[in-house]
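An overview of the molecular structure
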Amino acid sequence: MIDALASSLLLSLKIALVAMTLICAIATPLAWVLARTNFRGKFLIESILLLPLTLPPVSIGLVLLYLMAPRGVLGTVWASLTGHQLLLTWQAAAVAAGVIAFPLYLRSAMAAFASVPRRLEMMAETLGLDPWVCWWRVTLPLAARGLAAGALISLARALGEFGATTMVGGAIPGETQTLAVGIYNNVMNGEEATAAAFAGVSFMIALMATIVSRWLGRDTVTEVSDTKVRLHEV
Amino acid sequence: MRFELDFTYQAGASPNKFCLHMTLSWQAKFTGVYGPSGSGKSTLLDVLLGLKDPASLRGTVRVGERSLFDRSTETWLPRQHRNMSWVPQDSLLLPHLTVADNLAIVGGGDTAISECVSELGLGALMTKKPWQLSGGEKQIVALARAILRSGELMLLDEPFAALDAMRRKELLALLQNHSMTRDINAIYVSHRADEIKQLCDYVIVLEAGVVKWHGPQDSWQPYTEADNL
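Quick caveat, the model's predicted, so the values are computed rather than measured. (Residues numbered from 1 in each chain as written. Chains lettered and ligands numbered in written order. Predicted model: local features only at pLDDT ≥ 70, side-chain atom pairs only at ≥ 80, totals over all residues.)

Moving on, we come to the nonpolar core. The nonpolar side chains of a soluble globular protein tend to be buried with one another. Counting residues in each nonpolar core, the largest one holds 126 residues, and the members touching the most others are A96, A97 and Y105 of chain A together with L48, A144 and L155 of chain B. Ranked by residues supplied to this core, first place goes to helix α5 (residues 90-114) of chain A with 18 residues. Apart from the residues lying within four places of it in its own chain, the contact partners of A97 of chain A are I15, A16, A19, A158, E161 and T165 of chain A. (Core = buried A, V, L, I, M, F, W, Y, C linked by C-beta atoms within 7 Å. Buried ≥ 20, exposed ≤ 12 C-beta atoms within 10 Å, placed from the backbone. Helix = DSSP H or I, 4+ residues; strand = E, 2+ residues; numbered from the N terminus. Contact = placed C-beta atoms within 7 Å.)

The structure is reproduced here in structure tokens:
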């Protein structure tokens, strides 16, 4: 049992970390654009990007199944790059977990960027800093806590993902059996003690991630001058 | 320094929104902008700094040899290229940086920073974060940052309002000395006539978004020209 648990835990962490990295790379610039600009159709785009929050994960898994199939867009691209199929691999599970956890990070990141006072950024620009330098040295550090909180909560969500990851990754012990999948498999096999152990580990990880995420994203107040400016409220 | 302003700033589409209109040319080293709250003093500085949305501006703004804004040619000089120093009312120190880092971000060099820190008596504050400073201390750090920036035009927006009378007097003298020794051009916004009288050689009086009076400081009589202040 210990070996199976350790194997599933390591696989879950690998999948969740890859998913979180993908999410941060894609959603951070996207969140900044959405938080700082207004354009026609923005509301619709935001709604579509936040859709995984409300859609059943299995239905997202079904869409990903078509995309990752050998003749699907993602499956074809992956095969041309690696020579292997994407479906039923841990990488497919990581992409699925990333899609499900994406809106949680996006929402936190948008709130973090929106809470950085625009006048501070403009002040930095009047000092001669180019907007890109200003983004690195002013915007990003001031939004960092909110971004870290969002990353952590999306990591926790990716760790616990079941529906979409099972659709595209399957439930192959030692290969794509994550903690969540392990709970399901063990219950189906009548091994309730093992399932409980898997659930206990999942519970502890989720609790820690949630506590740290809330601590990072707690309502910090930074003095810009005599006026108190709320930086993050995640 | 020569200023040629012929612009209208409209805060929003509604006619009830604040509007600042200026058609004025003058040449001065230290210009004082005087007027009651809401008269458009800070808005004028925002326009010069490029903080206002260009879509809300009409006309032209020229400072020295530079065209900062020209609606007819769609010219809008980016903030980072305007070469100006700014001391805002609320200091706007970067809250995640120490005082030392707030000064270093300007890139004036260690020697210049040491001289400025010593001149303004900031030595004990260097390792502190802005939230650990009093309102007055923040303003002095913001002044140090503007001095280190050494732009061709310094814009000071009621910089000493949070200071006690003695400290204000000291810093006014320092600023006056500094402007003479380092050949600084400045625009000084205040609703204190005595400060403007002490520092400035040209005065613009604003009221409700329009220029009520302008001219050399020695011909300005604030208590008759703006007796509502």
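From this point, things continue past the structure.
This next bit is on the sheet that holds strand β7 (residues 84-87) of chain B. Residues and elements named next belong to chain B. Pairing within the open sheet is mixed, and its 6 strands lie in the order β7-β8-β9-β3-β10-β11. Each edge of the sheet is formed by a strand with only one pairing partner; in this case those strands are β7 and β11 (210-216). The mean inter-strand angle of the sheet, taken between neighbouring strand axes irrespective of direction, is 15°. Where strand β8 (residues 153-157) meets strand β9 (residues 185-190), 5 bridges bridge the pair, whose relative direction is parallel. (Pairing = 2+ DSSP bridges. Axes fitted to C-alpha atoms, helices over the stretch in contact; angles between N-to-C directions.)

Take the sheet that holds strand β6 (residues 75-76) of chain B next. Paired through backbone hydrogen bonds, the strands of a sheet run either parallel or antiparallel to each other. All names here are of chain B. Across the sheet, which stays open at both edges, the 5 strands sit in the order β2-β1-β4-β5-β6 with antiparallel pairing between neighbours. This sheet does not close on itself; its edge strands, each paired only once, are β2 (19-27) and β6. Lying on the sheet, helix α1 (residues 41-49) is in contact with β1 (2-10), β2, β4 (57-63) and β5 (66-70); it crosses β4 at an angle near 75°.

A separate point is the confidence of the model for chain B. All names here are of chain B. This prediction gives chain B a mean pLDDT of 89; 97% of its residues lie at or above 70. Helix α7 (residues 222-225) is the least confidently modelled element of chain B, averaging 60 in pLDDT, while helix α2 (residues 99-104) averages 95, the highest of any element. Here residues 225-229 is modelled with pLDDT under 50, and outside its nearest four sequence neighbours on either side it reaches 9 contacts, counting other chains as well. Across the interfaces of the predicted complex, the ipTM metric reaches 0.89, alongside a pTM of 0.83. (pLDDT = per-residue confidence, 0-100.)

A word on the packing of helix α9 (residues 179-188) of chain A against helix α10 (residues 192-216) of chain A. All names here are of chain A. Between α9 and α10, the least distance of the axes is 8 Å, while the angle of their chain directions is 160°. Comparing their axes, α10 and α9 come out roughly antiparallel. Two packed elements cross with a definite hand, and for α9 against α10 that hand is left-handed. On α10, the residues touching L179, A180, G182, I183, N186 and V187 of α9 are E192, T194, A195, F198, A199, V201 and S202. (Parallel < 35°, antiparallel > 145°, perpendicular 65-115°, else oblique. Left-handed = near helix turned anticlockwise from the far one by under 90°.)

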